[in-house]
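Below, each chain spelled out in residue letters.
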Amino acid sequence: MTEQICVGAIAGSYGVRGEVRLKSFCAIPEDIETYSPLSNEDGTQSYTLVLVRAIKNGFTARVGGVETKEQADALKGLRLFAPRDRLPSLPDDEYYHTDLMGLEVYDTGGTLLGTVKTVQNHGASDLLEITVPGHSSTILLPFTLAAVPTVDLASGRIIADPPEGLF
């Protein structure tokens, strides 16, 4: 089975005619419509999607078969997935978040710093949330060329040059 990539999520209903508020995780947000039909995480349900208009932090959209506010409310929190082979291939310096999660992070001297738990973005740029062995808390590493000069997907590792004092 083709790997699934999370391309968006339904944030709730919009209005009373069954439209939903849609968050797109695509680099070009409106491209999410071109990947329709989308599925839930385990691929057991399929959703056709038509964007209606842009709103703050996303879009309003129609989902096939959803006609009422109650049906739209029931989809709140649904993460939408597309098969990787339907998505564009990326330039060498861009990555799907799912490809980074689970990679081991080493410093420039070869010492294991931890493992990528999640990729977050709070507005400025992406941050790698790193789980550090022997620590209960995580560390947020800026995902910049300066702090992360090498991402080697083939060997499953990242080489990081974190800011002084981060680790």
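These notes cover the structure that comes with them. No experiment lies behind these values; they were computed from the predicted model shown.

A short note on the overall build of the protein chain
Next, step 1: In terms of helices and strands, the protein chain carries two helices and 13 strands.
Next, step 2: If one aligns the C-alpha atoms of the protein chain with their principal axes, the spans along those axes are about 55 × 30 × 25 Å.
Next, step 3: When the 167 residues of the protein chain are sorted by exposure, 35% land in the buried category.
Next, step 4: Accessible surface for the protein chain amounts to roughly 9,600 Å². Of this, 51% is attributable to carbon and sulfur atoms.
Next, step 5: Looking at charge distribution, the protein chain has the averaged site of its 13 positive side-chain charges lying 12 Å from that of its 22 negative ones.

Some details on the pairing of strand β2 (residues 19-24)
Next, step 1: Relative to β2, strand β1 (residues 4-14) runs antiparallel, the two sharing six bridges. Bridged to glycine 12 within β2 is arginine 21.
Next, step 2: A loop of four residues connects β1 with β2, the two strands running antiparallel in sequence, and glycine 15 in this loop sits at a positive phi of about 75°.
Next, step 3: The pairing of β2 with strand β6 (residues 58-63) spans three bridges and is classified as antiparallel. By the bridge assignment for β6, leucine 22 is matched with phenylalanine 59.

Considering the sheet that holds strand β8 (residues 104-107)
What holds strands together in a sheet is hydrogen bonding between their backbones, with the strands either parallel or antiparallel.
Next, step 1: Read across the sheet, six strands follow the order β11-β10-β9-β8-β13-β12 without closing on themselves; strand pairing throughout is mixed. Two strands lie at the open edges of the sheet, namely β11 (138-142) and β12 (150-152), each paired on one side alone. Each strand of the sheet is rotated relative to its neighbour by a mean of 35°, with strand direction disregarded.
Next, step 2: Inspection of the sheet shows β12 paired to strand β13 (residues 157-160) by three bridges, in the antiparallel sense. Looking across to β13, one finds that valine 151 is bridged to isoleucine 158.

Description of the nonpolar core
Next, step 1: Counting 23 residues, the largest nonpolar core has Ile10, Leu22, Ile32, Leu38 and Val63 as its most contacted members.
Next, step 2: Listed by contribution, the elements that provide at least two residues to this core are β1, β2, β5 (49-55), β6 and β7 (79-83).
Next, step 3: Once residues within four sequence positions are removed from consideration, leucine 38 is found in contact with Val7, Ile32, Gln45, Ser46, Tyr47, Leu49, Leu80, Phe81 and Ala82.
Next, step 4: Membership of the second largest hydrophobic core comes to 16 residues, among which are Val119, Val132, Ala147 and Val148.

Quick look at the pattern of salt bridges
Next, step 1: Under the definition given, this model contains seven salt bridges.
Next, step 2: Across the salt bridge formed by glutamate 41 and arginine 79, the nearest N and O atoms sit 3.5 Å from each other. A residue pair is termed long-range when its members are at least 10 positions apart, and glutamate 41 in the loop between β3 (38-39) and β4 (46-47) and arginine 79 in strand β7 qualify at 38 residues.
Next, step 3: Among the ionic pairs, aspartate 99 bridges to arginine 84, the shortest N-O distance being 2.3 Å. Here aspartate 99 is found in helix α2 (residues 97-100), whereas its partner arginine 84 is found in the loop between β7 and α2, with 15 residues between them in sequence.
Next, step 4: Arginine 84 gets classed as partly exposed once you look at its relative accessible area, which sits at 25%.
Next, step 5: One network of salt bridges, in which partners are shared, links Glu19, Arg53, Arg62 and Glu67.

Rules and cut-offs
Residues numbered from 1 in each chain as written. Predicted model: local features only at pLDDT ≥ 70, side-chain atom pairs only at ≥ 80, totals over all residues. Heavy atoms only, no water. Helix = DSSP H or I, 4+ residues; strand = E, 2+ residues; numbered from the N terminus. Buried < 20%, exposed > 50% of the residue type's maximum accessible area, 1.4 Å probe, protein only. Areas by Shrake-Rupley, 256 points an atom, 1.4 Å probe, with all protein chains shown as cover. Lys, Arg positive; Asp, Glu negative; His and termini not counted. Charge placed at Lys NZ, Arg CZ, Asp CG, Glu CD. Pairing = 2+ DSSP bridges. Axes fitted to C-alpha atoms, helices over the stretch in contact; angles between N-to-C directions. Core = buried A, V, L, I, M, F, W, Y, C linked by side-chain atoms within 4.5 Å. Contact = heavy atoms within 4.5 Å. Salt bridge = Lys/Arg side-chain N within 4 Å of Asp/Glu carboxyl O.

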